[in-house]
Amino acid sequence: MVKAVIFDLDDTLYREKDFVEGAFKYVCKYLSMQYELNFGKLYEDINDILKKHGRGSIFNILCKKYNIAEDISTLVNIYRNSLPQIDLYEDAANFFKKYSGKYSFGIITDGKASVQWNKIGLLNLKKYVDGIIVTDDYGKKYWKPNSFVYLKMAQYFECRPEECLYIGDNPNKDFIGARAIGMNTIRIIRKSGDHMNTFLDSSKEADFNINSMDKLQNIIENRM
Ligand SMILES: [Mg+2]
């Protein structure tokens, strides 16, 4: 019997790219004002850099391209403190509305703590979710797939790991630590997301896959 349903955040409950693109707009707005540059062109370029080079040194590449001697940490702070408009996926919002108050819900999310808490606030998740763990609050070594945070969540709900269900999108880290302590796992494969095309050894994958949280309703109603 499953008593608590625990979710990953990015690309599981909302589209992470919406946050990234929204935060980029804050950075581009700053640069356009500071250096009298065209906002639209900056925004196009920063998205191109993300596509070509991935995350990591986007702001360095952008500043180099425009020959700007900007302090990169200023841009990183603007990005991290930005508050763009983001929304829960429709199926996630429907799910929470339908089951809120009836079941226990949790979130375990990796990423810079202040940014993840910002996202949780922007998505108004405290309205629906009882237990929230931002792994970074414990330190980088406690990020997923470390089992510690999953155990911590089970303790919070006062249930055994086998009575918990973890739902995430990234087989590189979402299910390993959960499965190691005996949690049930489900992978959500949405139409977009960094990991939608990643398929790993079955030991790292979830017990099974779904493509919408609408499918979760049957599982919950049959197992809870
Ligand atoms: Mg994720």
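Keep in mind the model is a prediction, meaning the values are calculated, not measured.

Rules used in this analysis
Residues numbered from 1 in each chain as written. Predicted model: local features only at pLDDT ≥ 70, side-chain atom pairs only at ≥ 80, totals over all residues. Heavy atoms only, no water. Helix = DSSP H or I, 4+ residues; strand = E, 2+ residues; numbered from the N terminus. Buried < 20%, exposed > 50% of the residue type's maximum accessible area, 1.4 Å probe, protein only. Contact = heavy atoms within 4.5 Å. Lys, Arg positive; Asp, Glu negative; His and termini not counted. Charge placed at Lys NZ, Arg CZ, Asp CG, Glu CD. 1 Å grid on protein atoms, 1.4 Å probe; cavity = no way out; pocket = protein on both sides within 12 Å on 5 of 7 lines; lining within 4 Å. Points joined across faces, edges and corners; volume = space filled by probe spheres on them. Nonpolar A, V, L, I, M, F, W, Y, C, P; charged D, E, K, R; others polar. Salt bridge = Lys/Arg side-chain N within 4 Å of Asp/Glu carboxyl O. Pairing = 2+ DSSP bridges. Arc of directions from axis to C-beta. Domains from an automatic or database assignment. Polar contact = N/O pair within 3.5 Å; in protein donor to acceptor, adjacent residues only side chain to side chain.

Q: Tell me about the overall build of the protein, and please be specific about residues and values.
A: If you tally the helices and strands in the protein, you get 9 helices and 6 strands. For the protein, the spread of C-alpha atoms along the three principal axes comes to 60 × 35 × 30 Å. Taking all 224 residues of the protein together, 50% fall into the buried category. Contacts in the protein between residues far apart in sequence, at least 24 positions, make up 63% of those at least 6 positions apart. Computing the positive centroid from 32 side-chain charges and the negative centroid from 30, the protein places the two 0 Å apart.

Q: Explain empty space enclosed by the protein to me, and be specific about the residues and the numbers.
A: In this structure the tally under the stated criterion is 1 cavity of 30 Å³ or more. Its volume calculated, the largest cavity comes out at about 50 Å³. In this structure, the largest cavity is lined by Asp-11, Asp-169, Ile-188, Ile-189, Arg-190, Ser-192, Gly-193, His-195 and Met-196. For the lining of the largest cavity, the residue count by class is 3 nonpolar, 3 polar and 3 charged.

Q: Which residues make up the pattern of salt bridges, and what values do they have?
A: For the structure on display, the rule yields 15 salt bridges. The salt bridge partner of Lys-173 is Asp-110, with a shortest N-O separation of 2.9 Å. Of this pair, Lys-173 sits in the loop between strand S4 (164–168) and helix H8 (176–180) while Asp-110 sits in the loop between strand S2 (104–109) and helix H6 (113–122), and the two are 63 residues apart along the sequence. One network of salt bridges, in which partners are shared, links Asp-10, Glu-16, Arg-55, Lys-119 and Asp-194.

Q: Run through the environment of Met-213, naming residues and quoting values.
A: On the secondary structure map, Met-213 appears in the loop between strand S6 (208–210) and helix H9 (216–223). Accessibility expressed as a relative area gives 0% for Met-213, which makes it buried. In sequence terms Met-213 and Ile-188 are 25 residues apart; their C-alpha atoms lie 7.7 Å from each other. Setting aside residues up to four positions removed in sequence, Met-213 forms contacts with Phe-7, Thr-12, Leu-13, Asp-91, Ala-92, Phe-95, Ile-188 and Arg-190.

Q: Please set out the pairing of strand S5 (residues 184–188) residue by residue, giving values where relevant.
A: Summarising burial for S5: 5 of the 5 residues are buried, a large majority. Of the two faces of S5, both are covered, the one formed by Asn-184, Ile-186 and Ile-188 as well as the one formed by Thr-185 and Arg-187. For S4 and S5, the ladder comprises 4 bridges, and the chain directions are parallel. When the bridges of S5 are listed, Ile-167 appears paired with Ile-186. Alignment of S5 against S6, held across 3 bridges, turns out to be parallel. Of the residues in S6, the one forming a bridge with Ile-186 is Phe-208.

Q: How would you sum up helix H4 (residues 72–81)? Please name residues and give values.
A: Here H4 has its buried residues at Leu-75, Ile-78 and Tyr-79. Buried residues of H4 fall within an arc of 100° about the axis and therefore sit on the same side. Buried residues along H4 sit in contact with helix H1 (16–35) and helix H3 (58–66).

Q: Let's hear about the domain arrangement of the protein: which residues, and what values?
A: Domain boundaries assigned for the protein yield domain 1 (4–15 + 87–223) and domain 2 (17–81). For domain 1 versus domain 2, the separation of C-alpha centres amounts to 30 Å. With 9 residues of domain 1 at the interface, the matching set in domain 2 holds 7 residues. Where domain 1 touches domain 2, the interface holds 2 salt bridges. A salt bridge links Asp-18 to Arg-15, with the shortest nitrogen-to-oxygen separation between them at 2.4 Å. Linking domain 1 with domain 2 are 3 residue pairs in polar contact (both at pLDDT 80 or more). Here the side of domain 1 that touches domain 2 is composed, by residue class, of 3 nonpolar, 1 polar and 5 charged.

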